[in-house]
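Coordinates in review
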Amino acid sequence: MADLSLTCWFHPGMKLPACLAAVDMKDYPFKVAGDILIMELMEKVEAFVEEVCDKSGEPVQFQIQVLWNSKNNKKALNPGDKVGGNFVDGDTFGIHGDLVTAPKSYPKIPDEQKLPVTILTGFLGAGKTTLLNYILQEQREKKIAVIENEFGEVSIDDLLLKKDKFAFAEKVVVMDNGCMCCTIRGDLIDGFRQILDEVEKGAKLDQIIIETTGMADPVPIVRTFMTSEEISSRLRLDGVITVADAKNVLKRLDDEVEEDRVNEAYQQVAFCDKILLNKLDLVSSEEAIQTKERLREINAFAKIVPAVRGRVKLSELTNIRAHDMSNFVHADIEKEAMGKMANMGGMAAMVAMVAMVAMAKVTMLTALRTTAMKAMAAMAAMAVDTKVAMLLDMTVATAVATGRSRHDSRVNSFSVVREGEVLPEKLGKLMETLGTLPPEQGVIFRIKGILAVKNHPFKHVFHAVMDVSDEDDAEAWAPGEKRITKMVFIGKKLDKPFIRKIFEDCFEK
Ligand SMILES: Nc1nc2c(ncn2[C@@H]2O[C@H](COP(=O)(O)OP(=O)(O)OP(=O)(O)O)[C@@H](O)[C@H]2O)c(=O)[nH]1
């Protein structure tokens, strides 16, 4: 029963939002029972303040730290004390606390109902515009919006080409103030907002494609996506597609850059989910194979699709679902990576497109690759059977297949696989160590993992792009299913023994 009526006032040092400053607190005394605790009185005031601010459209989160009786403003009251022991009816009390703007919450929309976004990257002149022209002109079923960003001067030809291209897009947002990777990501969010505004007004859209400049590093774009709730609550990052110029990409990959700068071509290959190996008409089969092998070495899990003038099946460019957790768990990343190394679907198509002369060499390479695969599969089977860690190094496999040195200090990928259960208390430490790897142990660009966590019935999925990570539960482990944890890493100069060790340390001994 309420036996005290107490009036609250705010410490003058607090910055009150206008809606709260306008309230005369004398009109809203707190009627409380004497046996409630001071902390409960604090909660009542916090709830009152949050309600007032919420109603006026300025939501806040309020946390009181100090509460005192106005008769003795020198004494901060103990939150664990009873109100009745410190106040009599009609008293006033002062408060001081933190008022922070509450993060806006967005309604949860299932992933499949979100508008998919594809990021199109590729070095200068690789064929991105040609591909986009093709997508926009050749297909009629899907309504596509384009976010385009121009860098520096644009030639007349280019303008004409772009204008043409835009005639077929549903909505085009041109960001003309520099490269998307360098400017503040607010630009991109504005671009998304413009498109979403149209959707809210009733425009029907099936996909958004962001065409980046050739010099763009896709990481900040992906990061913008993963860290902006406003965007990720309504849009779904479907995948990053990189157009690689079969004639020039190797040269770009070999370009020397200053130690503290990134080689954009590397980033574009390392971070993408699909590579369009374009301009195959300009290279010999041998060059095409060499290029494909090098791309595979950098990125073990991107699918590589052959193309001339960007002509690929449109289904290759949509619904990649590379960043979709629930989809990811179905992918056997280890097999996927290996399968794609020996991606005979893509290889066969590529070989057919170049020349029959290549067949002897392809057969030879395949034989070598198959030998490497068999050796690894045998190792793997042995390791799993004996419950010893099975550590599979994709770069070794590629090195065997291509004859390249495995000690390539640049960007490459490798994976770790082990049967057993990760201890949940060690998991946080592993993620923290990976997230704060000192430069001498390399730079991790990307991680994908499916983790078997002790006493946890679900497959735990982990996905990181640079320092931004995401984790979630996926489907439950089936009864009797082997609990195998797998992680794939893409990075630069990675200290693989160190990463293997910290991975190994997470398991029950
Ligand atoms: N031979 C050949 N030329 C191609 C192919 N694809 C594109 N091109 C040509 O390559 C040039 C560059 O193509 P774009 O599509 O403008 O390349 P981009 O990646 O958009 O270039 P930037 O916007 O400068 O980064 C154009 O002249 C295209 O016609 C291909 O598969 N084979």
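Residues numbered from 1 in each chain as written. Predicted model: local features only at pLDDT ≥ 70, side-chain atom pairs only at ≥ 80, totals over all residues. Heavy atoms only, no water.

Turning next to the overall build of the protein. What the protein contains, in helices and strands, is 17 helices and 16 strands. Within the protein, buried positions represent 51% of all 509 residues. Within the protein, residue pairs in contact and separated by at least 24 positions form 79% of the contacts whose partners lie at least 6 positions apart. Summed over its atoms, the accessible surface of the protein is roughly 24100 Å², and 55% of this surface lies on carbon and sulfur atoms. (Helix = DSSP H or I, 4+ residues; strand = E, 2+ residues; numbered from the N terminus. Buried < 20%, exposed > 50% of the residue type's maximum accessible area, 1.4 Å probe, protein only. Contact = heavy atoms within 4.5 Å. Areas by Shrake-Rupley, 256 points an atom, 1.4 Å probe, with all protein chains shown as cover.)

Another point: the packing of aromatic side chains. Taken as a whole and assessed by the stated rule, the structure comprises six aromatic pairs. Aromatic side chains Phe30 and Phe48 sit 5.7 Å apart centroid to centroid with 80 degrees between the ring planes, which places their arrangement in the edge-to-face category. On the criterion of sequence distance, the pair formed by Phe30 in strand S2 (residues 30–32) and Phe48 in helix H2 (residues 38–55) is long-range, its members being 18 residues apart. A single burial state applies to Phe30 and to Phe48, both of which are buried. Three or more aromatic residues joined by ring pairs make a cluster, and in this case those are Tyr28, Phe30, Phe48, Phe87 and Phe93. A cation sits over an aromatic face here: Lys459 above Trp477, 5.1 Å from the ring centre. (Phe/Tyr/Trp six-rings, centres within 6.5 Å; stacked < 30°, edge-to-face > 60°. Lys NZ or Arg CZ within 6 Å of the ring centre and 35° of its normal.)

Around the ligand, the structure places 16 residues, and the nearest of them are Gly127, Lys128, Thr129, Thr130 and Arg309. A distance of 3.2 Å separates an oxygen atom of the ligand from a polar atom in the backbone of Lys279. Within the contact set of the ligand, an oxygen atom lies 2.5 Å away from a backbone nitrogen or oxygen of Arg309. Calculation on the ligand without its partners gives an accessible area of 640 Å², and the protein chains cover 73% of this total. The greatest single-element share of the shell around the ligand, amounting to three residues, is contributed by helix H3 (residues 128–138). Counted by class, the shell around the ligand contains five nonpolar, six polar and five charged residues. (Near = heavy atom within 4 Å. Polar contact = N/O pair within 3.5 Å; in protein donor to acceptor, adjacent residues only side chain to side chain. Nonpolar A, V, L, I, M, F, W, Y, C, P; charged D, E, K, R; others polar.)

What follows concerns the nonpolar core. In terms of nonpolar packing, the biggest core is built from 44 residues, with Phe192, Ile208, Ile210, Leu235, Leu253, Ile275 and Leu295 touching the most fellow members. Apart from the residues lying within four places of it in its own chain, the contact partners of Leu235 are Lys114, Leu115, Val117, Phe192, Leu196, Ile208 and Phe225. Residues Cys8, Phe10, Cys19 and Leu67 belong to the second largest nonpolar core, which totals 30 residues. (Core = buried A, V, L, I, M, F, W, Y, C linked by side-chain atoms within 4.5 Å.)

The sheet contact formed by strand S1 (residues 4–10) and strand S4 (residues 92–101) spans four bridges and is parallel. Bridge assignment links Thr7 to a residue of S4, and that residue is Thr92. Pairing between strand S3 (residues 60–69) and S4: nine bridges, direction antiparallel. Residue pairing in the sheet places Val66 in a bridge with His96 of S4. (Pairing = 2+ DSSP bridges.)

Strand order in this open sheet of four strands is S2-S1-S4-S3, and the pairing throughout is mixed. Here the strands that pair on one side only, and so sit at the sheet edges, are S2 and S3. Pairwise comparison of adjacent strand axes, ignoring direction, gives a mean angle of 40 degrees for this sheet. Across the sheet, H2 lies against S1, S2, S3 and S4, angled at about 140 degrees from S3, the strand it touches most. (Axes fitted to C-alpha atoms, helices over the stretch in contact; angles between N-to-C directions.)

It is worth spelling out unusual backbone geometry at this point. Positive phi, close to 60 degrees, is recorded for Lys279, a residue that is not glycine. Relative to the assigned elements, Lys279 resides in the loop between strand S10 (274–278) and helix H10 (285–298).

Take H10 next. Look at H10: 20 Å from first C-alpha to last across 14 residues, which is about the 20 Å you get at 1.5 Å a residue. Burial analysis of H10 places 11 of its 14 residues in the buried class, the great majority of the element. Residues of H10 that are buried: Ser285, Ala288, Ile289, Thr291, Lys292, Glu293, Arg294, Leu295, Arg296, Glu297 and Ile298. (Expected span 1.5 Å × (residues − 1).)

So, about the pairing of strand S9 (residues 235–245). The buried fraction of S9 amounts to 11 of the 11 residues, a majority that puts the element mostly inside the structure. Summarising the sheet, strand S5 (residues 115–122) and S9 pair through eight bridges and their orientation is parallel. If you follow Gly122 over to S9, its bridge partner there is Val243. Relative to S10, S9 is paired through five bridges, and the arrangement is parallel. Considered in S10, the bridge of Val243 is made with Leu276.

The full count for this structure, using the stated rule, is 13 salt bridges. When the shortest N-O distance is used, the salt bridge between Asp24 and Lys26 registers 3.9 Å. The class for Lys26 is exposed, based on a relative accessible area of 62%. Measuring nitrogen to oxygen at the nearest pair gives 2.6 Å for the salt bridge that ties Lys274 to Glu316. Here the residue Lys274 occupies a position in strand S10, and Glu316 occupies one in the loop between strand S11 (303–306) and helix H11 (325–328), the gap between them amounting to 42 residues. You'll find Lys274 and Glu316 in the same group, each marked buried. When salt bridges that share partners are traced, they join Lys274, Lys303 and Glu316 into one network. (Salt bridge = Lys/Arg side-chain N within 4 Å of Asp/Glu carboxyl O.)

Looking now at the packing of helix H9 (residues 264–271) against H10. It is the contact of H9 with H10, at a shortest axis distance of 8 Å, that shows an interaxial angle of 75 degrees. The angle between H9 and H10 places the two elements in the roughly perpendicular class. In this structure, H9 uses Tyr266, Val269 and Ala270 to contact H10, whose residues at the interface are Arg294, Leu295 and Ile298. (Parallel < 35°, antiparallel > 145°, perpendicular 65-115°, else oblique.)

Turning to the environment of Ile289, a few remarks are in order. Along the polypeptide, Ile289 turns up in helix H10. Ile289 sits in the buried class, given a relative accessible area of 6%. Along the primary structure Ile289 and Ala246 are separated by 43 residues, whereas in three dimensions their C-alpha atoms are 9.5 Å apart.

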